[in-house]
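# Notes for the structure review
As a plain string of letters, each chain reads:
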Amino acid sequence: MHLHEAVLAGSPAGIGVLCAGAVGTAVGTAIGLRKMDNEHVPCVAVVTSAFFVISSIHVPAGVTSVHLVLTGLVGLLLGWTAFPALLIALMLQALLLGHGGVLALGINTLVMATPAVVCHHVFRRSVCCGHDKVAGLAGVVGGATGVLGAAFLMATALWLSGEAFTVPAVAILVSHLGVALVEGLVTGGAVVFLRRVRPDVLERPFLFAALSTEC
Amino acid sequence: MTGTGLEGPGSASWAKRAVDSAGEAGVPVARSRPPAWWRATLFIGCFWLISGCFVAVAGAHKVIVFATVQDQKIEGEVYYQGGSPARNATLTVEDAHGHVLSTVTLNDHGKFSYQPRSRQAHRLVADAGMGHQAAYVVPAAELPEDLPAPPSESSPNHDHAGGQDHAGAHGDAADHDHSTEHQHGSVTEPGGGGAVEAAGAGEADVKLPGGEIEALNQQIAAMRTDLQRWRTRLRWQDLLGGCGYILGIFGVWVLARRQRNEGGASTR
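Every value quoted in this text rests on a predicted model; they were computed, and no experiment measured them. (Residues numbered from 1 in each chain as written. Chains lettered and ligands numbered in written order. Predicted model: local features only at pLDDT ≥ 70, side-chain atom pairs only at ≥ 80, totals over all residues. Heavy atoms only, no water.)

### Some remarks on the overall build of chain A
Helix and strand content of chain A: ten helices and two strands. N-terminal to C-terminal, the α/β element order of chain A is α-α-α-β-β-α-α-α-α-α-α-α. Per-residue burial over chain A gives 59% buried out of 215 residues. Residue pairs in contact within chain A that sit at least 24 positions apart in sequence constitute 78% of those at least 6 positions apart. Only carbon and sulfur atoms are counted for the fraction: they give 74% of the accessible area of chain A, which is about 7,500 Å². (Helix = DSSP H or I, 4+ residues; strand = E, 2+ residues; numbered from the N terminus. Buried < 20%, exposed > 50% of the residue type's maximum accessible area, 1.4 Å probe, protein only. Contact = heavy atoms within 4.5 Å. Areas by Shrake-Rupley, 256 points an atom, 1.4 Å probe, with all protein chains shown as cover.)

Here is the structure:
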């Protein structure tokens, strides 16, 4: 799900998309850094490392290939802190692995971090509620939503840069359905596991002042 | 905090100690947090256990295009990092001035073959869709010397002999009309006895039979392909290095914030 800078930098519209992505990522990263305290940094670092490794998993999907991103799980655990976390991970992927490119770092981060923050707002209460089944289901839906949201934003970015929208968007979403299913299951399993082993991680209020654990 | 349904067996002992100590001091009961090192160790162990199961087949979808000159043709392949071919990717051949010479859609093997018309740098741009793009430049020095000089920029070579051909076995993007016979002072005669003659000053031409030259070219091309695949494959070192950088960046962040907080507290 990495947009290569060569794809976007070839037209004025694409350059505009790159700039807009950079601005959006800068704003999100500033918000995320303000909400990240020292106690939370080890968790953020580990989640960032996991994203860096897991997003290298190659899953053939028809004529192309897709990879796991875990944006849903990252958003549920980190909230707005997902912006600096994904920014660092994607920067290292661009520098060390050559994925995406440095110029496209902003738009790639925005594409992946925005669904993560949305998942945090929408599914966090359900994940923290007192019923394991409800929390697990919320984790599954949140994980799938994160991937499909990122795929939709990627199609939108390509459309804004001058490419056609309908056919590529459908192709992108269809090719990511399998990944969304896998990610949903992984996220749901991770949520249930954390509820039993490390519940304080899910209880931690990242956005709301006092996030109640009651649904 | 009771009735949350989130308390696990791991937190019971810590919660009990917190309750006991708080109760003795007469303060409201608060649930103590486990040590940071334990939380970090558990997280690292869980995520690495899951990630390690997949790293063996790790290979992101970075698109790679690579080509060599063989038998006076540019032959190459487009594949994803990990080795899987980029099926149905679009390959565009551009000349040194950026003019499109030919375009072809690759088949399931991701391989292509292009007959150059002039001795100039050819830029190969592969587009696998969904924002995946890669480029490779075949320098003019690798092309046969008997090819004509490139046309001037005012008359771009828009010879679309290959057109929008869909790939066959090798994704040919141009016709094969080229002569294998060429007159050059430093090239040996085909079928010769393999005698080596001293080349002119500044040149390094080695006179070998034509068949041996082709065999050498094929072996060199195969070696270059293997080298390119080795260079672009995903390795454990890259992933470990990236994780190390991540942990280091966040560690420096914590250190800087702590020093800033301590500096602010000392000035009060």
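### Examining the pattern of salt bridges
Oppositely charged side chains can form a pair if their charged atoms are brought close together. All names here are of chain B. Going through the model one piece at a time under the given rule, you end up with seven salt bridges over all chains. The partner of R229 in a salt bridge is E77, and the shortest N-O contact between them spans 3.0 Å. A residue pair is termed long-range when its members are at least 10 positions apart, and R229 in helix α3 (residues 210-232) and E77 in strand β2 (residues 73-80) qualify at 152 residues. Look at E77 and you get buried, because its relative accessible area is 8%. With its nearest N and O atoms 3.3 Å apart, the salt bridge here joins E94 to R123. Taken together, the residues span a long stretch of sequence, with E94 in strand β3 (residues 90-94) and R123 in strand β6 (residues 122-129) at a distance of 29 residues. By relative accessible area, which is 35% here, R123 ends up partly exposed. (Salt bridge = Lys/Arg side-chain N within 4 Å of Asp/Glu carboxyl O.)

### Remarks on the confidence of the model for chain A
Chain-level pLDDT for chain A is 82 on average; 84% of the residues reach the 70-or-more range. The low-confidence segment residues 205-215 of chain A, where pLDDT is below 50, has 28 contacts with residues more than four positions distant or belonging to other chains. (pLDDT = per-residue confidence, 0-100.)

### So, the packing of aromatic side chains
Enumeration according to the criterion identifies two aromatic pairs over all chains in this entry. Residues W80(A) and F83(A) carry aromatic rings whose centres are separated by 5.9 Å and whose planes lie at 20° to one another, so their mutual orientation is stacked. Overall, the relative accessible area of 22% leaves W80(A) in the partly exposed class. Here the aromatic rings of F66(B) and Y136(B) are separated by 5.4 Å at their centres, their planes lie at 65°, and the arrangement is edge-to-face. Of this pair, F66(B) sits in strand β1 (residues 63-70) while Y136(B) is found in strand β7 (residues 132-138), placing the two residues 70 residues apart along the sequence. Both residues of the pair, F66(B) and Y136(B), belong to the buried class. (Phe/Tyr/Trp six-rings, centres within 6.5 Å; stacked < 30°, edge-to-face > 60°.)

### Some thoughts on the sheet that holds β2(B)
Residue and element names in this part refer to chain B. Pairing within the open sheet is antiparallel, and its three strands lie in the order β1-β2-β5. The open sheet has two free edges, formed respectively by β1 and β5 (111-114), since each of these has just one partner strand. Adjacent strand axes in the sheet meet at a mean angle of 20°, parallel and antiparallel pairs treated alike. Relative to β5, β2 is paired through four bridges, and the arrangement is antiparallel. Bridged to E77 within β5 is K111. (Pairing = 2+ DSSP bridges. Axes fitted to C-alpha atoms, helices over the stretch in contact; angles between N-to-C directions.)

### Things to note about the side chain of E183(A)
All names here are of chain A. Relative to the helices and strands, E183 resides in helix α9 (residues 177-197). A distance of 2.8 Å separates a polar side-chain atom of E183 from the backbone nitrogen of L70. When near neighbours in sequence (up to four residues on either side) are disregarded, E183 contacts H67, L68, V69, L70, T71, G143 and V147. (Polar contact = N/O pair within 3.5 Å; in protein donor to acceptor, adjacent residues only side chain to side chain.)

### Some remarks on the sheet that holds β7(B)
All names here are of chain B. Strand order in this open sheet of four strands is β4-β3-β6-β7, and the pairing throughout is antiparallel. If you trace the sheet from one side to the other, it starts and ends with β4 (100-105) and β7, each paired once. Averaged over all pairs of adjacent strands, the angle between strand axes in this sheet comes to 15°, irrespective of strand direction. Of the pairings in the sheet, the one linking β3 to β6 comprises five bridges and is antiparallel in character. Bridging across to β6, T90 finds its partner in D127.

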